[in-house]
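If you want the building blocks of each chain, they are given just below.
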Amino acid sequence: MSSIFDKCTKWNTADEYRKRGEYPYFRPIEGYDGSYVVIDGRRLLMCGSNNYLGLSLDPRVKEAALKAVTDFGTSCSGSRFLNGTLSLHEKLEDRLVDFSGKEAALCFTTGYQVNLGTISSLMGRDEYIISDKFNHASIMDAAFFSQGMDKSIKLKRYKHNNMEDLEKTLMGIPEESPKLIVTDGVFSMEGTVVNLPQVSKLAEKYNAVVYLDEAHAFGVLGENGRGTEEHHGYAAKADLVMGTFSKSFGSIGGFVAGDAKVIDYIKHFARPLIFSASMPPANLAAASEALEIIMNEPERVQRLQQIAEMMIKGFKARGFDVGATETPIVPLITGEFDRTLTFFHRLYDQGFYVNPVFPPAVPPNRCMLRTSYMATMKDAELNDFLDVAQQEGKKLGIVD
Ligand code: PMP
């Protein structure tokens, strides 16, 4: 008789890589030291963090988290809906309204849950989700979750940032059907920025609503770190924006912001908000403090943008294919699997931490090392990395 667990006992891909000492995942970080992490007792320059502004290690953010634990304890032990809303949640939401320029904001326990909860609560019978093919997995999961609740909900995907394909997709949908266009602001693997003005124009033309995932854009894009809308000079606005606290905000959690009536509806229908415990005090206080720092110290965002420009130029000058990135997410596109894994190990052995990315996170021919940077990094550290990447890239035939 077969068992549900048969697939687990038969699956040994990870074991094979472990036996050869080539397994790249789940490596525990033992400590942080400025731009470095300690793994296996070795210091590695962190060239693959989403802690874009370095705020998870900022003394003010750490202090705020400690104080919240003293005042409120370590957990809310329940859902926002009932016993899990603290004054700290509402204080943070009020400031997020100021930051995002929307009418209302609502915090969830992770950004993943924001996407799952917001999208699934809004979708109804015979309605359409229209999604960029490079959108984050949580958006795909949100579509699957929505379809699990109502099979008549439809998902259409268009080519990455391709406005002709988006228009073609919109034209193929009955005019009277409600439509939600979902797009990342900054695409998490490629570092590309959505053409928001054009998405917005098409949304207006075809009577759709725009949902913008700003996980990698808040604190990163725009002169003041206010994301994709600011980056495009506020030429266009999304109807809903979401953000996460796990990247620029140095915490964990996320939020959605938009019109007050819409946010109030989401608050009462988003299952991942209602049936899961709320953001805990330490993370709320850390995110709140980080938000104040982002709003008061735009020079951090500007330093990050300067680093992004330096790394994009630096890699291009050394012959790397970095795709069409405009942000501190700089992919080194290596194409095939084995070469990508070897490149990862060579850099790791030389003292640099980056993220190897393979399907299904990227299309099969687009394996890459995803590099990303923090505003706190120094030019000398970054130049070192550029030189070592070039030297190892040459040995593997990735660059000439
Ligand atoms: N959206 C995007 C574009 C992301 O990259 C991520 C996380 N990698 C999320 C949403 C989910 O955020 P969180 O880590 O807060 O769950």
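Throughout, residues of each chain are indexed from 1 in the direction in which the sequence is written. It should be noted that, the model being predicted, local features are given only for residues of pLDDT at least 70 and side-chain atom pairs only at 80 or more, the latter also being counted only at that level, while totals for whole chains, interfaces and linings use all residues. Note that water and hydrogens are dropped before the side-chain values are worked out from all heavy atoms of the structure.

Considerations on the overall build of the protein chain
Then, in step 1: For helices the rule is a DSSP run of H or I covering at least 4 residues; for strands it is a run of E covering at least 2, with both sets numbered from the N terminus onward. The helix and strand tally for the protein chain stands at 15 helices and 14 strands.
Then, in step 2: Taken over C-alpha atoms, the radius of gyration is set against a globule rule of 2.2 Å times the number of residues to the power 0.38. Against the compact-globule benchmark of 21 Å for 400 residues, the protein chain has a radius of gyration of 21 Å, which places it among compact chains.
Then, in step 3: Contacts are assigned to residue pairs that have any heavy atoms within 4.5 Å of one another. Long-range contacts, defined as pairs at least 24 residues apart, comprise 73% of the intrachain contacts of the protein chain with a sequence gap of at least 6.
Then, in step 4: Each accessible area is a Shrake-Rupley estimate made with a 1.4 Å probe; only the visible protein chains count as cover when residues are assessed. Looking at the protein chain as shown, the accessible area adds up to about 18,100 Å², and 52% of this sits on carbon and sulfur atoms.
Then, in step 5: Computed over 44 positive and 52 negative side-chain charges, the inter-centroid distance for the protein chain is 4 Å. His is not counted, nor are the chain ends, whereas Lys and Arg count as positive and Asp and Glu as negative. To locate a charge, take atom NZ for lysine, CZ for arginine, CG for aspartate or CD for glutamate.

Here we look at unusual backbone geometry
The general pattern is negative phi for most residues beyond glycine and trans for most peptide bonds.
Then, in step 1: That bond from Pro-359 to Pro-360 is cis: its omega, 10°, falls within 30 degrees of zero.
Then, in step 2: Residue position: Pro-360 is located in the loop between strand 13 (355-357) and strand 14 (367-372).
Then, in step 3: Unusually for a residue other than glycine, Asp-126 sits at a positive phi of about 60°.
Then, in step 4: Note that Asp-126 resides in the loop between helix 5 (111-122) and strand 5 (128-132).
Then, in step 5: Each residue gets one of three labels from its accessible area relative to the maximum for its type: buried under 20%, exposed over 50%, partly exposed in between, using a 1.4 Å probe on protein chains only. A residue is classified by how much of its surface remains accessible, and Asp-126, at 37% relative accessible area, is partly exposed.

Remarks on empty space enclosed by the protein
Then, in step 1: Here a cavity means grid points, on a 1 Å grid over the protein atoms only, where a 1.4 Å probe fits yet cannot get out; a pocket means an open set of points with protein on both sides within 12 Å along at least five of seven lines; lining residues are those with an atom within 4 Å of a point. Grid points are joined across faces, edges and corners, and a volume is the space filled by probe spheres set on the points. Taken as a whole and judged by the stated rule, the model has one cavity of 30 Å³ or more.
Then, in step 2: Taken as a whole, the largest cavity encloses approximately 40 Å³ of empty space.
Then, in step 3: Around the largest cavity, the lining residues are Arg-80, Cys-107, Phe-108, Thr-109, Pro-272, Leu-273, Ser-276, Ala-277, Ser-278 and Met-279.
Then, in step 4: Elements with a contribution of two residues or more to the lining of the largest cavity: strand 4 (104-108) and helix 11 (271-274).
Then, in step 5: Classifying every residue of the lining of the largest cavity by side-chain character gives six nonpolar, three polar and one charged. Residue polarity is assigned by list, with Asp, Glu, Lys and Arg as charged and Ala, Val, Leu, Ile, Met, Phe, Trp, Tyr, Cys and Pro as nonpolar; anything else, Gly included, falls into the polar class.

Considering the domain arrangement of the protein chain
Then, in step 1: Under the domain assignment, the protein chain is made up of domain 1 (19-48 + 298-395) and domain 2 (59-296).
Then, in step 2: Of note, the centres of domain 1 and domain 2, computed from C-alpha atoms alone, are 27 Å apart.
Then, in step 3: Residue-level contacts link 21 residues of domain 1 with 23 residues of domain 2.
Then, in step 4: Accessible area that two parts lose when put together, evaluated with a 1.4 Å probe and summed over both, is termed the buried area. With both sides pooled, the region where domain 1 packs onto domain 2 buries about 1,600 Å², and carbon together with sulfur makes up 57% of that total.
Then, in step 5: Three residues, Pro-298, Val-301 and Ile-329, lead the burial of domain 1 against domain 2; their summed loss comes to 28% of the area buried on that side.
Then, in step 6: Basic side-chain nitrogens of Lys or Arg form a salt bridge, by our definition, when they fall within 4 Å of a carboxyl oxygen of Asp or Glu. Here domain 1 is connected to domain 2 by one salt bridge.
Then, in step 7: For Glu-190, the salt bridge is made with Arg-366, and the minimal N-O distance between the two is 2.7 Å.
Then, in step 8: Polar contacts, as used here, are pairs of N or O atoms within 3.5 Å; protein pairs need one atom able to donate a hydrogen and one able to accept it. Residues neighboring in sequence count only if both atoms are side-chain atoms. Put simply, domain 1 and domain 2 have eight residue pairs in polar contact (both at pLDDT 80 or more) between them.
Then, in step 9: Counting residues per element, the ones that place at least two in the side of domain 1 that touches domain 2 are helix 13 (298-317), strand 11 (329-335) and strand 14. Note: domain ranges come from an automatic or database domain assignment.

Focus: the sheet that holds strand 7 (residues 179-184)
Then, in step 1: Two strands make a pair as long as DSSP finds a minimum of two bridges between them. Pairing within the open sheet is mixed, and its seven strands lie in the order 4-10-9-8-7-5-6. The open sheet terminates on both sides in strands that have one partner only, identified here as strand 4 and strand 6 (154-158). This sheet shows a mean twist of 20° between the axes of neighbouring strands, independent of strand direction.
Then, in step 2: Docked against the sheet, helix 5 engages strand 4, strand 5, strand 7, strand 8 (208-213), strand 9 (240-244) and strand 10 (254-258), running at close to 155° with respect to strand 9.
Then, in step 3: Between the N-to-C directions of two axes lies an angle of 0 to 180 degrees, each axis being a line fitted to C-alpha atoms and, for a helix, fitted only over the stretch in contact. Relative to the sheet, helix 8 (residues 196-205) contacts strand 7 and strand 8, its axis offset from that of strand 8 by approximately 155°.

What to know about the layout of surface pockets
Rolling a probe over the atoms, with the probe sized like a water molecule, indicates the empty space that remains.
Then, in step 1: Taken as a whole, the largest pocket holds about 890 Å³ of empty space.
Then, in step 2: Along the walls of the largest pocket sit 38 residues, with Tyr-25, Phe-26, Tyr-353, Asn-355 and Pro-356 positioned nearest its centre.
Then, in step 3: Contributions of two or more residues to the lining of the largest pocket are made by helix 2 (13-19), strand 1 (29-33), strand 2 (36-39), helix 14 (337-349) and strand 13.
Then, in step 4: Considering only residue class, the lining of the largest pocket consists of 24 nonpolar, twelve polar and two charged.

Looking at helix 6 (residues 137-149)
Then, in step 1: Multiplying 1.5 Å by the helix residue count minus one yields the expected span of that helix. With 13 residues, helix 6 extends 18 Å from end C-alpha to end C-alpha; this agrees with the ideal 18 Å at 1.5 Å per step.
Then, in step 2: Considering only its buried residues, helix 6 is in contact with helix 5, strand 5, strand 6, strand 7 and strand 8.

Here's the deal with the packing of aromatic side chains
Then, in step 1: Aromatic rings from Phe, Tyr and Trp, with only the six-membered ring used for Trp, were paired whenever their centres fell within 6.5 Å, and each pair was classed as stacked if the ring planes differed by under 30 degrees, edge-to-face if by over 60, and tilted otherwise. A full pass over the atoms with the stated rule returns 14 aromatic pairs.
Then, in step 2: Taking the centre distance of 6.2 Å and the plane angle of 90° together, the rings of Phe-99 and Phe-249 count as edge-to-face. Of this pair, Phe-99 sits in helix 4 (residues 87-100) while Phe-249 sits in the loop between strand 9 and strand 10, and the two are 150 residues apart along the sequence.
Then, in step 3: The exposure class of Phe-249 is buried, given its relative accessible area of 0%.
Then, in step 4: Connected via pairs of aromatic rings, a cluster forms that spans Phe-99, Phe-218, Phe-245, Phe-249 and Phe-255.
Then, in step 5: One Lys or Arg, Arg-18, reaches over the ring of Tyr-23 and ends 4.6 Å from the middle of that ring.
Then, in step 6: Just above the ring of Tyr-348 sits the side chain of Arg-27; from NZ or CZ to the centre is 4.3 Å. As a reminder, the over-ring test applies to NZ of lysine and CZ of arginine, requiring each to be within 6 Å of the ring centre and within 35 degrees of the ring normal.

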